[in-house]
Amino acid sequence: MQRRNFLKLSSLGLASFQLPKWTNAVQKPLVVSTWDSGMPVNAEAWKVLEQGGSALDAVEAGARYIEDTIDCCVGLGGYPDRDGIVTLDACIMDDKSNCGAVAGLERIKHPISVARKVMETTPHVLLVGDGAQKFALQNGFPLESGELSESGKKAYQKWLEKSQYKPEINIENKKGNGPFAPAFFEDGTANHDTMGLLALDQQGNLSGAVTTSGMAFKIHGRSGDSPIIGAGLFVDNEIGAATSSGVGEEVIRICGTHTVVELMRQGLSPEMACKKACERIVNRDPKKAATLQVGFLAINKKGETGAYAIQKGFVFSMKSNTENKINPSKFLL
Ligand code: ASP
């Protein structure tokens, strides 16, 4: 029942027999993350949340975990750009709308923690490229070797044969791989699983984090949606939070996650808000949308969660006191 209708009914004395939905207990703590690779990420975040830690610490811990472990699409093991260089994008946002981000960061293992440093110690929101690296080094982050991971090398060699930038939809699902699937396929195609996480802590506060190596074989210097606040991540502690994965340019064009949160502000459920955002992308250019994937994931202040994607194959991982599972997302096309 809509709050306004409930108030109308209660003023007539008609609603006393029925509890409106919005008085339901908040489900907290809670963490959700993009894709099935989010399961172990949630487990890391959960260690923080179950001890009463902040959503901010939880999302950073989860993001750091995946930056260390996956080879394809997050962290230094990720696939390179077309010049053969791995460039990392990340952002973080807390319950007070503080935010920090890095884009095109090279040879630093934990871009999410650099993003948090930007948020907490500078007057800025986003640092890019060499400046972001210099800032990381000044703050004690070690400079790692610029060498590609084994899978990154193989994928790059294969890609060089044709040198075509052609992101494929849900390649990881088409090939039937589960969590921690091999990142390199013999035909040179790549996974593209940006990690976006959203958490609601025991205090009822929201935070989010995103970390990625971006689209494989992108032009050197390209940034996707992932480090852009309002595109790859948005948190409004009064309403909810959202994150995205897929072709970042499409998400940026509609300020994707900001749109999702604003739609939740208007009363839409997380799932419906994600659906409307997907529709906005598809309606803009249906032909193009048919060739690409974007998935949104959202959570609201009540601990309700939902996702929607343009194409089949997007999933999200969820961990609460009662659930620990991978949920398929509905899709438009
Ligand atoms: N959104 C990311 C980007 O555009 C890629 C992804 O989610 O796979 O860089």
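For the structure itself, look to the data block above.
Reference entry: report on the structure contained in this document. Computed from a predicted model, the values in this text were never measured in an experiment. Along every chain, residues carry numbers that run from 1 in the direction the sequence is written. Residue-level local features of this predicted model are given only where pLDDT is at least 70; pairs of side-chain atoms are given and counted only at 80 or more, and the full residue set underlies all totals for whole chains, interfaces and linings. Side-chain numbers here rest on the full set of heavy atoms in the structure, without hydrogens or water.

Things to note about the nonpolar core
Next up, step 1: Counting 47 residues, the largest nonpolar core has Val-260 and Phe-296 as its most contacted members.
Next up, step 2: Put simply, DSSP marks the helices as runs of H or I at least four residues long and the strands as runs of E at least two long, and each gets a number from the N terminus on. It is helix H10 (residues 270-284) that contributes the most residues to this core, six residues altogether.
Next up, step 3: Non-local contacts of Val-260, meaning those with residues more than four positions away in its chain, are made with Ala-242, Ala-273, Cys-274, Ala-277, Phe-296 and Ala-298.
Next up, step 4: Remark: nonpolar core denotes a set of buried residues (Ala, Val, Leu, Ile, Met, Phe, Trp, Tyr, Cys) joined through side-chain atoms within 4.5 Å. Only protein chains enter the area calculation, which uses a 1.4 Å probe; residues under 20% of their type maximum are buried, those over 50% are exposed, and those in between are partly exposed. Counting residues in hydrophobic clusters, the runner-up holds 44 residues, among them Ala-55, Leu-56, Cys-72 and Ile-112. The contact definition used throughout considers only heavy atoms, calling two residues in contact when any of these lie within 4.5 Å.

Notes on the pattern of salt bridges
Next up, step 1: By definition here, a salt bridge exists when the distance from a side-chain nitrogen of Lys or Arg to a carboxyl oxygen of Asp or Glu is within 4 Å. Under the definition given, this model contains 19 salt bridges.
Next up, step 2: As a salt-bridge pair, Lys-109 and Asp-68 come within 3.6 Å of each other at their nearest N and O atoms. A residue pair is termed long-range when its members are at least 10 positions apart, and Lys-109 in the loop between strand E3 (99-105) and helix H4 (111-121) and Asp-68 in helix H3 (residues 55-69) qualify at 41 residues.
Next up, step 3: Judged by its relative accessible area of 37%, Lys-109 falls in the partly exposed class.
Next up, step 4: Where Asp-236 meets Arg-265, a salt bridge forms, and the shortest distance between an N and an O atom there is 2.6 Å. Here Asp-236 is found in strand E7 (residues 233-236), whereas its partner Arg-265 is found in helix H9 (residues 256-265), with 29 residues between them in sequence.
Next up, step 5: Linked by salt bridges that have partners in common, Asp-57, Glu-60, Arg-116 and Glu-120 make up one network.

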